[in-house]
Amino acid sequence: MAARKVPVIPLPGTNGYPMIGLGTFTIFERRGSNDEVKEAVKCAIDCGYRSLDCALVYQNESSVGQAVADKIRDGVVKREDLFITTKLWDTHHNPANIRENCMKSLDSLKCGYIDLYLIHWPFGFEDGDEYFPMGDDGKARFSDHDYVDVWKGMEKLVDEGLVKSIGLSNFNESQIERVIKNCRIKPSNLQIEVHPYFSNKKLVDFCTANGITVTAYAPLGNPNRTWAGDKDPVVFDEPILKEIAERKKKSIAQVCLRFLLQRNIVVIPKSVNPQRIKENIDILDFELSDEEMKAIWSLDSGKRFYIEPIAKTHKYYPFDDVK
């Protein structure tokens, strides 16, 4: 299958960032095994995806890397055709260890270099290889590393050519401002939760004004997340979205993704289902009208689904709106 012409946005040091990518967070294999992730990546590449969003903490970078290696070996793509994002985890914020942990991701991904490397969260957990270190009191054990110092370690990776571009994930406006004021290389991208129930408009507008691209994770609100509440809204049940989808002869998922694309936001929907993977990239042959965009905007309730509650007492916890 020929690669579809997914629009790209400029990103320093890269050939451009495709606006549709495959997410790979399967909630630690509870929503897809690592073998399924491997097959999902292969399917995605065959369907025209050229962007893959990964993270060390997802614990499936090796599966992604094997799929990429297979597709390169088979002549389907070249490395330079792909845009690979991954993230520095919270237990590796010690500036002395940043390069080592970047290399771990590079070895797993088998990709030679990382196109976009993000600081996953502004706060740090205790240094080490235990992803979520907990004390005897049941609380997370934190580190005190300043994310500005972490950023300076990220800049060195660009200098060395290990990564092409660097950015942030789950940072708030004041934290981003502080990085900008103290950086040598400006953040190129912010990855945050954005979906119809959580527009994150103020932060998106701030990034746009400062020349920072935005990527939306959980662009459908991830209704299959393991911590979903019984009363949490679900996009697939929304009459407004059903009506628009029927009118456009598209799925609700496609409408939600198109909504974000028209906001100039990169989308990285996660799926291990081949049919949904194909569907999620098939959003380039229609547009939402101003009235339809306004109708979807009306669903915004400021509802966050990702709050990382174990870090709420950390001094760098980013979500001031979470009580």
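Structure: above.
Being a predicted model, the structure only gives us computed values, none of them experimental.

What counts, and at which threshold
- Residues numbered from 1 in each chain as written.
- Predicted model: local features only at pLDDT ≥ 70, side-chain atom pairs only at ≥ 80, totals over all residues.
- Heavy atoms only, no water.
- Helix = DSSP H or I, 4+ residues; strand = E, 2+ residues; numbered from the N terminus.
- Rg over C-alpha atoms; globule rule 2.2 N^0.38 Å.
- Buried < 20%, exposed > 50% of the residue type's maximum accessible area, 1.4 Å probe, protein only.
- Lys, Arg positive; Asp, Glu negative; His and termini not counted.
- Charge placed at Lys NZ, Arg CZ, Asp CG, Glu CD.
- Disulfide = S-S within 2.5 Å.
- Phe/Tyr/Trp six-rings, centres within 6.5 Å; stacked < 30°, edge-to-face > 60°.
- Lys NZ or Arg CZ within 6 Å of the ring centre and 35° of its normal.

### Let's talk about the overall build of the protein chain
Inference 1: The helix and strand inventory of the protein chain stands at ten helices and twelve strands.
Inference 2: What you see for the protein chain is a C-alpha radius of gyration of 19 Å, in line with the 20 Å of a compact globule of 323 residues.
Inference 3: Seen along its three principal axes, the alpha-carbon backbone of the protein chain occupies a region of about 55 × 50 × 40 Å.
Inference 4: Considering the protein chain as a whole, with its 323 residues, one finds that 57% of them fall into the buried category.
Inference 5: If you average the places of the 44 positive and of the 48 negative side-chain charges in the protein chain, the two averages end up 3 Å apart.

### Details of the state of the cysteines
Inference 1: Taken as a whole, this structure holds zero disulfides when the rule is applied.
Inference 2: The thiol of Cys 47 is unpaired, and the distance to the nearest cysteine sulfur, on Cys 43, comes to 4.0 Å.
Inference 3: Free cysteine: Cys 256, not disulfide-bonded; nearest cysteine sulfur from Cys 47 at 20 Å.

### Considering the packing of aromatic side chains
Inference 1: Counted according to the given criterion, the structure contains 17 aromatic pairs.
Inference 2: Here the aromatic rings of Tyr 217 and Tyr 306 are separated by 5.2 Å at their centres, their planes lie at 80°, and the arrangement is edge-to-face. Separated by 89 residues along the polypeptide, Tyr 217 in strand E11 (residues 213-217) and Tyr 306 in the segment after helix H10 (290-297) bring together distant segments of the chain. Neither Tyr 217 nor Tyr 306 differs from the other in exposure class; each is buried.
Inference 3: Judged by centre distance (5.6 Å) and plane angle (75°), the ring pair of Phe 259 and Trp 297 falls under edge-to-face. One end of the pair, Phe 259, is in helix H8 (residues 252-261); the other, Trp 297, is in helix H10, with 38 residues separating them in the sequence.
Inference 4: According to the relative accessible area criterion, Phe 259 is buried, its value standing at 1%.
Inference 5: Through successive ring pairs, a cluster of aromatic residues spans Trp 89, Trp 121, Phe 123, Phe 125, Phe 132, Phe 142, Tyr 317 and Phe 319.
Inference 6: Above the plane of the ring of Phe 319 lies Arg 304, whose end atom (NZ or CZ) is 3.8 Å from the centre.

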